[in-house]
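As a plain string of letters, each chain reads:
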Amino acid sequence: MERVDMEVDITQQLSADPLPFSRSYQLEALEKAIEQNTITYLETGSGKTLIAIMLLRSYAYLIRKPSPFYAVFLVPQVVLVKQQADAVQMHTDLNVGKYWGEMEVDFWDGAKWKQEIQKYEVLVMTPQILLNGLRHSFFKINMIKVLIFDECHHARGKHPYASIMKEFYHRQLEAGVSDLPRIFGMTASLIKSKGANSADNYWQNIHELETILNSKVYTCSSESVLAQFIPFSTPKFQLYQHMEIPYVLYARLVDELNLLKEKHEFSLDSLGLEESAAESTRKKISKIHSTLIHCLDELGVWLALKAAECLSCYESDFLMWGKLDVFGKKIIRSYSLDAFHAFETCIPSGPDWTIANNVKANVDAGLLTTKVFCLIESLLEYRVLKDIRCIIFVERVITAIVLESLFSELLPKHTSWKTKYIAGNNSGLQIQTRKKQNEIVEEFRKGMVNIIVATSILEEGLDVQSCNLVIRFDPSATVCSFIQSRGRARMQNSDYLLMVKSGDFSTHSRLKKYLASGDIMRKESLSHASHPCSPLRNDSFEEEFYCVASTGAFMNLSSSVGLIYFYCSRLPADGYFKPTPRCVINKEIGICTLHLPKSSPIQSVRVQGNTKNLKQKACFEACKQLHAIGSLTDNLVPDVVVEEIDAEEIGREPYNDDQPIFFPPELVNQCSMESITKYYCYLMELKQNFHYEFPVHNIMLLVRSQLEVDESSVGIELEVDRGILTVNLKYIGLIRLNSDQVILCRRFQSALFRVLMDPKEEKLTEVFSDPRLGNTPEIDYMLLPSNFLGQNPVIDWSSVSSVSFSYEHVWKDHVNCNAGMIQTKSGLLCTCMIQNSLVITPHNGRAYIINGFLDNLNANSLLRLSDGSVMTYKEYYELRHGIKLSFTRVSFLAGRHVFPVHNYLQRCRRKKEKESSNAFVELPPELCDVIMSSISISTFYSFTFIPSIMHRLESLLLATNLKKMHLDHRMQNISIPTMKVLEAITTKKCQEKFHLESLETLGDSFLKYAVCQQLFKKHQNQHEGLLSIRKDKIISNTALCVLGCNKKIPGFIRDEPFDPKSWMIPGYNSESYTLNEETLCNTKKIYVSGRRKVKSKKVADVVEALIGAYLSTGGEAAGVLFMNWIGINIDFMNIPYERPFKVQAEKLVNIPRLESLLKYSFQDPTLLVEAVTHGSYMLAEIPGCYQRLEFLGDSVLDYLITLHLYSKYPGISPGLLTDLRSASVNNNCYALSAVKAGLHKHILHSSQKLYREIKETVESFKELSLGYTYGWESEKSFPKVLGDVVESLAGAIFVDSGYNKDTVFESIRPLLEPMVTPETMKIHPVKELHEVCQKQHFELRKPIVSRENGMACITIEIEANGKVIKHTSTASDKKMAKKLASKEILKLLKEASSR
């Protein structure tokens, strides 16, 4: 929609779009709203929302997508978002978006809001969201066509409604901008205050509302107009005589509560809580104390008891704990429980006693007050009603809770009514979820609940229509509250009861004024209806503001305070401090100093001026400075928020796990058939280190192009049944074959491998008669038996020709042979032709390799069967197969089953002592058909290893192709063994002797080290939180996967154990596979042989392993070059570390002692101060904390320890390397090292909680009395700060030494000694339990996680040998609880197995 179209007078285009069931006054209001900005002032239940919807329908053509414009519907409470959005969706075809704070919209950026605006035409939200969005320039006021304010009477003072109008609407209006939204306000009361003394005062309030909203009030001429459509409740005053509870009882209970309060406040001092937590706990105790006193005064002893019971209940979470820690919560609940017991002593005992027994007597005893008694009696007067719906409005949440308890016990004696309560959380009592509140309202509508005891949440919140009785237990505080609560009684003949204490003339008079206020507001609005709106006073625009020219983002003095707090809340924090600004105001000289947290790049801002708004001015100035250095973006949001959103977008990057399987181009036929074909000839030298009656012999590999593979890499060891078979590959030169020879060779290898793969007669008959045998195949290389001509290896053409065996032509070369003849199934043969042959026996459909004759065995020989019986072979064949042997004196053939083909690359193949006797068979020649001759049994045996050898060679060729891609990218000078690349692309699932885990561990640590170092140097003003997000964006699994996919890494990955059955036989065209050409990123060709699923993490692991491969063989330079190739640009430039850290280090820390501990002398001692300063240390003299150095040191230490373990123990298994690293690089290990060295004494902090936990750690270390700090022995989680300091000191040394990592290791290693070794390593209990369950086939069930008193509880359960074993452990965090529970389960398993 063109912008110019919007500039015409839209009132000329708009027309009322009424709904068919709309009422006359609704249509009037709609016409007014189309004509001008309007505030609709109508009673609750009169259909104001419907007018707003009709207005939206009238504007629909302006906002319907793809229009860039939209409407915004503002509601003051979250509960109203869904309610109003659902109403708009029901009556329009507009797309509606719903937004509230818990959706974390505070952390959305402009791009996210742009998506929402493009998707939705009406945005329903709470006002702070729109205000923030306008301030950050995510929304533009002139792009909003309709702006609806529900409950618009809130638009006063600093409420977001008022701020939206003042900061944006009126500012634009003042500037002469005409393209502003249509304003539509809705309210049942134009006044929010306690009322006015005169009509003029009422008009003054109404006029202020009209001015702020730039709107005129529309209302009906009288209540009678509305009465035609909606019922009005009848107001009734219900007076009660106030009677104090017995003084002696009251005084005793108050004294006890006071003593309990003092007792629990005193107990705070012994706990050593944080000052803020202790103060928060004191305030909470005072609040609960005053709540209980209030209950005692207003409700009586029994309901005060119920209040104490509710507050002491561990199962519920009534209290919003705020800053309280576990100890604070315990004190609060302990106080409430003690109070409960104090009240309990005043309640009659006995199993039959209840509060419902004798209500009047209970009032006399002080258990209930006369006010509560009046409520009960008032309610019971309506028990004749069959279908009552009553809302009782109370002021306090606790009153709502305890009255529900009372009615639940009392009402069943008189009626079948059911009671529930609904309360918000403004009082600091967290009661219900919105879902629960909606459920209760729904039950109320359906009649399942009859009475709701509610706080003000139901005055201006959830839509409750079917109500015929409203009781104000506590009087309304404002006109608005009065009118809205009255409006809840919407049914015909409904009542509005106002409970007032007899003699309370002030309240009685005020409520009477409230009753009359509706008419006064209506008259005043109507009498001034023709007056135009007044302009907003100029002083509203005089407040200093700051606007970003590039975006239009806006900030004034008022909003800067919230912005600076928001900025600080996004700085790094831990369990010992929350980053907040600290304001110090010197009123005498009018100076304010704003101290920002230590991780902020600006530490303090100082301003001078009027003491009234000094804090605002300081925050305003701080925001401007933060924007100037980029810590606040041009949308005036913290830079970390934008980075987090970017990181989330990367995390949501779609990944297709359907990935190709690459096949090396060197083995693919890329040339046409010629009369003479040139092949590169390689000799596979097979050497067995075990004795076997059938020796292996060498095999020739013929390929069309020379292989670029390191011959050193092709030293293959195969684990065969009897020992190790080694294979070496040696290039021996070129060979030229004519077309007949090529076809013969292809036919031979195809036939031979088909025999080995599936030696069934029908399959072999099919194979040998296949016309495609020998055709030009896709996979074109040849594997042929070899023998020697003198010293030179040559093709064994005799064996190759065996595939051409034919009964028709067999005698051509045997006319003069003296070996003799023998009858076979298909005819006579020379005996020399059958001695080394492959035969099939049609009677059982099998193939056998013939090795000679059994001279002492024929058809008349005896055969001993498995059941012990004996018969001749002749009898056996006739009985078993129905075959009569004709040549009874002819010697049987010595045959054996075709050798099985296994995966000989698999690690830990079980060795057999001797071959099964079932492998050998005795065969009557007359039952055998020869299909290959002559070919030795050794040839068959040797060729069974070829699939495994070729699978390894194919893998090496793939690794070579991958390596060539890197080397083509300015890496020609780097030499890396192909075998290392192969190790990096081989996963554990392949079950081979090597896999990527060690290289991945090494690569992961180096990647983190390189990236953290670069970020640390490049972004010297950025805090650790921002650096961590930037790091994760580069090295997260998602990011690495994207980089890997860009370089087509997934196709190279080997992720399944080799299955010989699926091996593609060279020279045999099969329909089971096709090869498709693909181009790599270096424009070289590769082939795709199929597809498979590869998880994104697997791709990331391989990228890390490849980094490790280059690092381990070519050093850090090679590792960096590979990272640059993959897309991670690293440059280890030496940039000076510049920071505003001008302190006298020697006055703050004991430099000689720390340097002595670290065995390092600092050139810049301020680095040492920075390294030991925790974020809680708020003294301005130190302008930073250790977080940045910890960020750097963490990666340096991780890399150094991993490199040390990898280099020191080169022969260990990859899994063990990972375990050694995990045992050495963890917080508990570093924390214990810090305590052991006494580093904890030098940490600068201001946290009582940290002090207490360090003290506990020191005591635990003494109790453990370990000589080492690695491993998993500790049963507690130690403060992260202790581990952080070890890392930050490593970072400080690294920076001070000019980024020399060796210096760091020399300094930090002594702190970690003795370091873990393979001999001292103990497996982590969680991992050990998993391995035990896997090995023993136990069922390890999903852990059950819960929290209790701030502690993590984890139950681990396994089923072992039919028995269930489980254990629950509790710790401060989930990881520790899981470790302890696993440890106990392992202990129980060991005990069970030893019985």
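Counting starts from 1 at the beginning of each chain's written sequence and moves along it residue by residue. This being a predicted model, a pLDDT of at least 70 is required before a residue's local features are given, and a value of 80 or more before pairs of side-chain atoms are given or counted; all residues contribute to the totals for chains, interfaces and linings. Excluded from the side-chain calculations are hydrogens and water; all other atoms, namely the structure's heavy atoms, are used.

What follows is about the sheet that holds strand β35 (residues 1076-1079). We treat two strands as partners when DSSP finds at least two bridges between them. Labels follow the DSSP assignment, with helices taken as runs of H or I lasting at least four residues and strands as runs of E lasting at least two, numbered in each case from the N terminus. Pairing within the open sheet is antiparallel, and its 3 strands lie in the order β19-β36-β35. Both outer strands of the open sheet, β19 (658-663) and β35, are each paired with one neighbouring strand and no more. Here the average twist between neighbouring strands, direction ignored, is 55°. Sheet analysis places β35 next to strand β36 (residues 1085-1093), joined by 4 bridges and oriented antiparallel. Paired with Thr1079 across the bridge in β36 is Lys1085. Axis definition: a line fit to C-alpha positions, over the contact stretch in the case of helices; interaxial angles, taken between N-to-C directions, run 0 to 180 degrees.

Take the packing of helix α42 (residues 1280-1296) against helix α43 (residues 1301-1312) next. Where α42 contacts α43, the axes come no closer than 8 Å and their chain directions differ by 140°. Comparing their axes, α43 and α42 come out oblique. In the crossing of α42 with α43, the sense of the turn from one axis to the other is right-handed. Each of Val1286, Ala1290, Ile1293 and Phe1294 in α42 lies in contact with α43, whose residues at this interface are Lys1301, Thr1303, Val1304, Ser1307 and Ile1308. Working definition: roughly parallel below 35 degrees, roughly antiparallel above 145 degrees, roughly perpendicular at 65 to 115 degrees, and oblique for all remaining angles. In this scheme the crossing of two helices becomes right-handed for a clockwise turn of the near helix relative to the far one and left-handed for an anticlockwise turn of less than a right angle. What makes two residues a contact is simply this: any of their non-hydrogen atoms within 4.5 Å.

Right, let's get into empty space enclosed by the protein. Two kinds of site are reported from a 1 Å grid over the protein atoms alone, namely cavities, where a 1.4 Å probe fits but cannot get out, and pockets, open sets with protein on both sides within 12 Å along at least five of seven lines, and residues are called lining when an atom falls within 4 Å of a point. Grid points are joined across faces, edges and corners, and a volume is the space filled by probe spheres set on the points. The tally for this structure, following the rule as stated, stands at 5 cavities of 30 Å³ or more. Estimates place the volume of the largest cavity at around 270 Å³. Together, 21 residues line the largest cavity, and Lys598, Ser600, Pro1183, Gly1184 and Arg1188 are the ones closest to its centre. Among the residues forming the lining of the largest cavity, the class breakdown is 6 nonpolar, 9 polar and 6 charged. Gly falls in the polar group here, along with every residue not listed as nonpolar (Ala, Val, Leu, Ile, Met, Phe, Trp, Tyr, Cys, Pro) or charged (Asp, Glu, Lys, Arg).

Attention shifts here to the pattern of salt bridges. A pair is scored as a salt bridge if a Lys or Arg side-chain nitrogen falls within 4 Å of a carboxyl oxygen belonging to Asp or Glu. Under the criterion given, the structure shown has 58 salt bridges. In this structure, Arg64 engages Asp93 in a salt bridge whose closest nitrogen and oxygen atoms are separated by 2.9 Å. Here Asp93 lies in the loop between α4 (79-91) and β3 (96-99) and Arg64 lies in the loop between α3 (48-63) and β2 (70-74), a separation of 29 residues in the sequence. Its salt-bridge partner being Glu442, residue Arg445 comes within 3.0 Å of it at the nearest N-O pair. Here Arg445 and its partner Glu442 are both found in helix α17 (residues 434-446), 3 residues apart, which amounts to about one turn of the helix. Only protein chains enter the accessibility calculation, which uses a 1.4 Å probe. A residue is then buried if its area is under 20% of the maximum for its type, exposed if over 50%, and partly exposed in between. Owing to a relative accessible area of 34%, Glu442 belongs among the partly exposed residues under this scheme. One salt-bridge network, in which partners are shared between bridges, spans Asp1004, Lys1008, Asp1194, Asp1198 and Arg1221.

With that settled, consider the confidence of the model for the protein. As a per-residue measure, pLDDT reflects the predictor's confidence and takes values from 0 up to 100. Here the protein averages 87 in pLDDT, while 92% of its residues score no lower than 70. Across residues 1-13 the pLDDT falls below 50, and counting only partners more than four positions away or on other chains, this stretch makes 20 contacts in the model. In the predicted structure, residues 314-323 sits below a pLDDT of 50 and forms 32 contacts with residues beyond four places in sequence or in another chain.

Time to look at the side chain of Ser1382. Relative to the helices and strands, Ser1382 is located in helix α45 (residues 1374-1394). In contact with Ser1382, not counting residues within four places along its chain, are Pro1325, Val1326, Leu1329 and Ile1356.

What follows covers the nonpolar core. By size, the foremost hydrophobic cluster in this structure holds 204 residues, and its most contacted members are Met684, Leu701 and Leu783. Element by element, the count of residues in this core is highest for helix α34 (residues 1096-1126), at 16 residues. Those residues in contact with Leu783 that sit more than four places away from it in its chain are Met684, Ile699, Met700, Leu701, Phe748, Gln749, Phe753, Phe943, Ile946, Met950, Trp1063 and Pro1066. Judged by nonpolar contacts, the second largest core, of 107 residues, contains Ala33, Ile34, Trp203 and Ile452. In this description, a nonpolar core means a group of buried Ala, Val, Leu, Ile, Met, Phe, Trp, Tyr and Cys residues linked to one another through side-chain atoms lying within 4.5 Å.

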